[in-house]
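# Structure at a glance
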Amino acid sequence: MSVRVYLLFLVFQLAASVSVSQRCGFVTPEREVTALPFSGPLSDEIVIPVVVHIVWQEPEENIPDERVWSQIEALNEAFGAQHIPDWMAQSVFSPYITDTKIRFCLATRDPQGLPTTGIERRHTNSNIALGGTTELHYTSMGGLDAWDPQRYLNIWVTRFAGGITGTASFPEQGPAAEDGVEVHYAFFGKDATVPYDQGITTVHEVGHYLGLPHPWGPDAPTCNQDDGIDDTPLSELTYQGECPTWLVFSCGTPDMSMNFMYYTNDACMALFTPQQRDLMWATLNGPRSTLKDSDGCVFTPVSTDTPNEGIGVRLYPNPNDGVLSVQWDYPDQMTLEWYDLHGRCVKRLSANGTTARIHHRLPSGTYLFQLKDSQGKVIDRRLCSVVR
Ligand SMILES: [Zn+2]
């Protein structure tokens, strides 16, 4: 049993005694916060490419693309100081609300340079436990391999046992192939499951991924230990399953219970502090600096090849309402791609033979459809519409 899994096992034991889901299975490594606060100039923004690996067993775990898109939106709102409850205006902590200048984009280019939706899915029939396991991170074991963690933030969405909602790798912790964030499918994205229904579980875990400890420090909450960050008050409470809209004191000072690194309900979360921002920037200029140079969100240009007009291709109905058929004249392993009008690949799949019947969840709109053969040659390119 790896150290990481063993630590999670311990947390499962603790979680078994609580009635609501445990916000986080993350256990800070037993060390002080070692990253020096970032003191250089804040450039405009750092944008981190994200790939989401959905590993599912039951159909409800195979969450739709919309939930993934809403999670990226929730990340950008939280890290951009736009996830703020109304009552925060009266809070003594409102001056601490900080735009971290860190943003997230769903990958548009995969590790091989091919267009991607940034979302991978796998139905696994194996009996592996999912969240928090080694197997989740390896295709050969029933999970899905990480994309190069130097270039992408890997997020695995799956089912957790034991009431855990998510977990994360601290910078320079654990094997590279398992580096990233794991989130319980029920708490991923907006319109998720109350009380962790607004995508803040992922915000919290990405905070760990970027180097942030819990406000109460690395061990169980106590007034004898701090998180090493000066502008988060000393605290011995987690606010697990709570939503305080008033000042709560511990260790003799008011607690910043709306800080994203507590266990507070999503609706009552509001901020990262300036020094938390500086620590995350230190991580992005230190152990995770390669993310800044990633091309994971550079659009792959739509091919300018002239379609092979000798090949008959039929796509119907057009417009469609979520179900369409595509037929082509000769059997081959084809790649079907849809691009939105910004040039972003929003759907991509492979099909064998001479026909494909596709159920999709693309929103209403106009898309550029492209069909490529097994050699990568463009066979057909046309506009297609979705009307729901
Ligand atoms: Zn945590």
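Use the structure listed above.
What comes next concerns the included structure.

Definitions and cut-offs
- Residues numbered from 1 in each chain as written.
- Predicted model: local features only at pLDDT ≥ 70, side-chain atom pairs only at ≥ 80, totals over all residues.
- Heavy atoms only, no water.
- Phe/Tyr/Trp six-rings, centres within 6.5 Å; stacked < 30°, edge-to-face > 60°.
- Helix = DSSP H or I, 4+ residues; strand = E, 2+ residues; numbered from the N terminus.
- Buried < 20%, exposed > 50% of the residue type's maximum accessible area, 1.4 Å probe, protein only.
- Lys NZ or Arg CZ within 6 Å of the ring centre and 35° of its normal.
- Contact = heavy atoms within 4.5 Å.
- Pairing = 2+ DSSP bridges.
- Axes fitted to C-alpha atoms, helices over the stretch in contact; angles between N-to-C directions.
- Salt bridge = Lys/Arg side-chain N within 4 Å of Asp/Glu carboxyl O.

## Structural notes on the packing of aromatic side chains
Considering all chains together, one arrives at 10 aromatic pairs under this definition. Where Phe260 meets Phe272, the ring centres are 4.8 Å apart and the plane angle is 55°; that geometry is what we call tilted. Of this pair, Phe260 sits in the loop between strand 8 (253–254) and helix 4 (274–284) while Phe272 sits in the loop between strand 8 and helix 4; the two residues are 12 residues apart in sequence, bridging distant segments of the chain. Among the residues examined, Phe272 registers a relative accessible area of 1% and is labelled buried. Arg288 extends its terminal NZ or CZ atom over the ring of Tyr209, reaching a point 3.6 Å from the ring centre.

## Description of the environment of Ser289
With respect to the helices and strands, the residue Ser289 is situated in the loop between helix 4 and strand 9 (313–316). Separated by 139 residues in sequence, Ser289 and Gln150 have C-alpha atoms that sit 8.2 Å apart. Excluding anything up to four places from it in sequence, Ser289 contacts Thr283 and Leu284.

## Observations regarding the sheet that holds strand 12 (residues 345–351)
Taken together, 4 strands build an open sheet; the order of strands is 12-11-14-15 and the sheet is antiparallel. Of all strands in the sheet, those bounded by a partner on one side alone are strand 12 and strand 15 (378–386). Across the sheet, the axes of successive neighbouring strands diverge by a mean angle of 20°, strand direction being ignored. Here strand 14 (residues 365–372) runs beside strand 15; their pairing, made up of 8 bridges, is antiparallel. Paired with Phe369 across the strands is Arg382, a residue of strand 15.

## Observations regarding the sheet that holds strand 13 (residues 355–359)
The strand order 9-10-13 describes an open sheet built from 3 strands, whose pairing is antiparallel. Strands with a single pairing partner mark the edges of an open sheet, and in this sheet they are strand 9 and strand 13. Strand after strand, the sheet turns through a mean of 10° between neighbouring axes, direction not considered. Where strand 9 and strand 10 (residues 323–328) come together, 4 bridges link them in antiparallel fashion. From the neighbouring strand, Arg314 faces strand 10, where its bridge partner is Gln327.

## Observations concerning the pattern of salt bridges
A complete count under the given rule lists 14 salt bridges for this structure. A salt bridge links Asp65 to Arg121, with the nearest nitrogen and oxygen atoms 2.6 Å apart. Here Arg121 lies in strand 3 (residues 119–123) and Asp65 lies in helix 2 (residues 65–79), a separation of 56 residues in the sequence. One salt bridge in this structure joins Arg151 and Asp295, with 2.9 Å as the shortest N-O distance. One end of the pair, Arg151, is in the loop between strand 3 and strand 4 (153–158); the other, Asp295, is in the loop between helix 4 and strand 9, and 144 residues separate them in sequence. The structure contains a network of salt bridges with shared partners spanning Glu45, Asp99 and Arg103.

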